[in-house]
Amino acid sequence: MNASDNHNNETIISTKDLCVWYDDFQALIDVSMEIPEKSITALIGPSGCGKSTFLRTLNRMNDLIDCAKTTGNVYYRGQDIFQSSMEVSELRRHIGMVFQKPNPFPMSVYDNIAYGPRTHGIKSRAKLDDIVERSLRNAAIWEEVRDKLRQNALGLSGGQQQRLCIARALAVQPDVLLMDEPTSALDPISTTKIEELILQLKENYTIIIVTHNMQQALRISDGTAFFLLGDLIEYGSTDVIFSTPSDKRTEDYITGRFG
Amino acid sequence: MTRKKEKTVQENIRRKRVERIIHGIFLMLGLITVGCVLLITIYLVISGIPAMRTIGLKEFLFGQKWASTAAEPKFGILPFILTSIYGTAGAIVLGVPVGFFAAVYIAKIAKGKIKWLLQSAVGMLAGVPSVVYGLVGMMVLVPGIRKLFKVPDGASLLASIIVLAIMILPSIIKVSVTALESVPPEYEEASLAMGATPIETYFRVSVPSARSGIAAAVVLGVGRAIGEAMAVMMVAGNAPNMPTLFESVRFLTTAVASEMSYSSGLQRQALFSIALVLYFFIMLINAALNFFLKRGNVKQS
Ligand SMILES: Nc1ncnc2c1ncn2[C@@H]1O[C@H](COP(=O)(O)OP(=O)(O)O)[C@@H](O)[C@H]1O
Ligand SMILES: [Mg+2]
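Residues numbered from 1 in each chain as written. Chains lettered and ligands numbered in written order. Predicted model: local features only at pLDDT ≥ 70, side-chain atom pairs only at ≥ 80, totals over all residues. Heavy atoms only, no water.

Colleague: When you look at the overall build of chain A in this model, what are you seeing that I'm missing?
Modeller: Secondary structure summary: chain A contains 10 helices and 10 strands in total. The C-alpha atoms of chain A give 18 Å as radius of gyration, which agrees with the globular expectation for 259 residues (18 Å, within 12%). For chain A, the spread of C-alpha atoms along the three principal axes comes to 55 × 45 × 35 Å. Evaluated residue by residue, chain A yields a buried proportion of 57% over its 259 residues. When contacts within chain A are restricted to residue pairs at least 6 apart in sequence, those whose partners lie at least 24 apart make up 68%. Just so you have it, chain A exposes about 11100 Å², and 46% of that area is on carbon and sulfur atoms. Looking at charge distribution, chain A has the averaged site of its 27 positive side-chain charges lying 8 Å from that of its 34 negative ones. (Helix = DSSP H or I, 4+ residues; strand = E, 2+ residues; numbered from the N terminus. Rg over C-alpha atoms; globule rule 2.2 N^0.38 Å. Buried < 20%, exposed > 50% of the residue type's maximum accessible area, 1.4 Å probe, protein only. Contact = heavy atoms within 4.5 Å. Areas by Shrake-Rupley, 256 points an atom, 1.4 Å probe, with all protein chains shown as cover. Lys, Arg positive; Asp, Glu negative; His and termini not counted. Charge placed at Lys NZ, Arg CZ, Asp CG, Glu CD.)

Colleague: Got a minute to help me understand the sheet that holds strand β2 (residues 25-36) of chain A in this structure?
Modeller: Strand pairing within a sheet occurs via backbone hydrogen bonds; the two strands may be parallel or antiparallel. Residue and element names in this part refer to chain A. Pairing within the open sheet is antiparallel, and its four strands lie in the order β2-β1-β4-β5. Edge positions in the sheet fall to β2 and β5 (79-80), since each of these pairs with one other strand and no more. Relative to β2, strand β1 (residues 11-22) runs antiparallel, the two sharing eight bridges. Residue Thr-15 lies in a different strand from β2, and its bridge partner there is Met-33. (Pairing = 2+ DSSP bridges.)

Colleague: When you look at a nonpolar patch on the surface in this model, what are you seeing that I'm missing?
Modeller: Residues and elements named next belong to chain B. A cluster of nonpolar residues, Val-131, Val-132, Leu-135, Val-136, Met-138, Met-139, Val-140 and Met-230, forms a patch on the protein surface that exposes about 700 Å² of accessible area. Among the elements that line the nonpolar patch, the one with the most residues is helix α5 (residues 130-149), at seven residues. As for its placement among the helices and strands, Met-230 is situated in helix α10 (residues 230-235). Among the residues examined, Met-230 registers a relative accessible area of 40% and is labelled partly exposed. (Patch = residues over 30% accessible without salt bridge, like charges linked within 9 Å, V, L, I, M, F, W, Y side chains within 5 Å. Salt bridge = Lys/Arg side-chain N within 4 Å of Asp/Glu carboxyl O.)

Colleague: Explain the state of the cysteines here, please?
Modeller: The tally for this structure, following the rule as stated, stands at zero disulfides over all chains. Among the cysteines around Cys-49 of chain A, which has no disulfide bond, Cys-19 of chain A carries the closest sulfur, lying 15 Å off. (Disulfide = S-S within 2.5 Å.)

Colleague: I keep staring at α5 of chain B and nothing clicks. Help me out?
Modeller: Residue and element names in this part refer to chain B. Its axis deflected by about 40 degrees at Met-138, α5 carries its strongest bend there. All of the buried residues along α5 are Tyr-133, Gly-134, Gly-137, Val-142, Pro-143 and Ile-145. Packing partners of the buried residues in α5 comprise α4 (112-127), α6 (157-181) and α10. Taken from the residues just after α5, Lys-150 is the one with a positive phi, measuring 50 degrees. (Bend = angle between axes of the 7 residues up to and from the residue.)

Colleague: It is not clear to me how the packing of aromatic side chains should be interpreted in this structure. Could you clarify?
Modeller: Think of a pair of aromatic rings as described by two things: how far the centres are apart, and how the planes are tilted against each other in angle. Inspection of the entire model under this criterion finds 12 aromatic pairs over all chains. Aromatic pair Phe-101 of chain B and Phe-203 of chain B: ring centres 6.0 Å apart, planes at 50 degrees, arrangement tilted. Of this pair, Phe-101 of chain B sits in helix α3 (residues 78-109) while Phe-203 of chain B sits in helix α8 (residues 198-209), placing them 102 residues apart in sequence. Take Phe-203 of chain B: its relative accessible area is 32%, and that puts it in the partly exposed class. Grouping aromatic residues by their ring pairs yields a cluster made of Trp-66, Phe-75 and Phe-80 of chain B. Geometry around Phe-105 of chain A places Arg-168 of chain A over its ring, the cationic atom sitting 4.4 Å from the centre. One cation-aromatic arrangement involves Arg-204 of chain B over Tyr-115 of chain A; the distance from NZ or CZ to the ring centre is 4.6 Å. (Phe/Tyr/Trp six-rings, centres within 6.5 Å; stacked < 30°, edge-to-face > 60°. Lys NZ or Arg CZ within 6 Å of the ring centre and 35° of its normal.)

Colleague: What is the right way to read the pairing of strand β7 (residues 176-180) of chain A from this model?
Modeller: Two faces, one strand: in a regular strand the side chains alternate between the faces of the sheet. Residue and element names in this part refer to chain A. The buried fraction of β7 amounts to five of the five residues, a majority that puts the element mostly inside the structure. Here β7 shows a buried face lined by Val-176, Leu-178 and Asp-180 and a second buried face lined by Leu-177 and Met-179. Judged from the four bridges that link them, strand β6 (residues 95-98) and β7 form a sheet pairing that is parallel. By the bridge assignment for β7, Ile-95 is matched with Val-176. The pairing of β7 with strand β8 (residues 206-210) spans five bridges and is classified as parallel. Across the sheet, residue Asp-180 finds its bridge partner in β8, namely Val-210. Taken together, β7, helix α7 (residues 188-201) and β8 form a β-α-β motif whose crossover is right-handed. (Right-handed = clockwise from strand over helix to strand, strands pointing away.)

Rendered as structure tokens:
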């Protein structure tokens, strides 16, 4: 399935017959999906339907779960990510991730942002300063933390921590950002700020976001994919999915009849 | 209706009373511990001070000669103090790197059977009585050092350092593993998701996050090493020399233990003073330990 009816962006990530098992339990069933570049794609569906699993498969974070097995293909810019020639750390550098619970390192704000670039070999102080400022500006949090760069990041508010995590992810100059319910632990004002931020980021990044909030999906996403029990039920442009879904189950879900 | 209410009120009163009694019992048990510490401290201070007075604090602490049974006795414990410090420092220098890397391996890298095997080995190492360490050191290490370095007697500071290094490994490893395992996985995931490799993640995120726990592990090792008597008694040679690596030495602990049974008069009092000095060191180490543990708690909150 694809959602590129209403925009002509090229496909950046595509999956083909993707299945994921946890031991004997199948969490994803033959998911095939094409995700366009520089757009926001929302993944919706009731808890346990496999949204996080899908997201974590795209940058192979699911490799960390010992009992997880994957079949099928995932292509990132045409390259099969499960090929043995694919360097996992390189893949993750291109496909960054923001988690549900803000998880800044217990270090200073500066060191949090500089962590990724340092890991990838940047040592020059001037360059790091530059990256830190740029990343924090891009994540719309520079003004709030510019005087606190040396303070421990755990002292920031939840919403600030989450934007810091976004800045940290941006600091390695990724191509795609995967976000797993990034606002579900935040208050409404922080949520609004992050939604605005995500809309800005669309200019330069491809964003795939899991959300439980239908309004959020409607407000920010271009394409929406509805999952149910590991199946991709329906995928299309957000307007269409929310106004005239073709599957009864999608309609039931978005109108709040279950889930 | 009202009777039912009355019943629950009575029930509540009864439960509160039981609660209070249990509270009292726990408090008493806690106070017993405090009492023991106080008693030991007071006893040591009272019995340790006289000799220091008679000998003179400076002469006692910085005198380089210990000849307690000579016609003209000398009570200088600098050799013991320095031996204890060097011995502990040496054990830390040898033991901490080994223990640290072992802990990272066990906590983060090893899986399944290997992890189980290593953890059981560490557990067993912790359970070996110190006299056994001393025995093995005496049978293997001491002759080994004599042959390898061609010294007249292998019983030496070096032998003690090696035995102590092995003895402190389990506590260093166990405490560090606990600290490393309690690093929130979210930190590690964040690092991996930015393209850091697992090894980079362990050393740049997990270890710094666990640093106060690891520091506590090291301090605990210091405490074990400085307080150990039996094993070092068997491999140190016990001559009250100023410490050098290949000569026989005597530690603070062994100084007390080796003469206590036949001592009398000022000599006996001096042994108590040595115990007081040792106690002082241990208190210092405990304070350091509490400092690191507290800092760890503050950081997590
Ligand atoms: N590590 C795991 N081990 C076993 N089962 C898992 C694991 N992670 C997820 N699952 C199962 O896979 C299914 C999909 O989970 P998930 O992808 O987290 O769903 P969602 O994010 O949509 O709530 C759930 O039934 C969940 O119980
Ligand atoms: Mg989820």
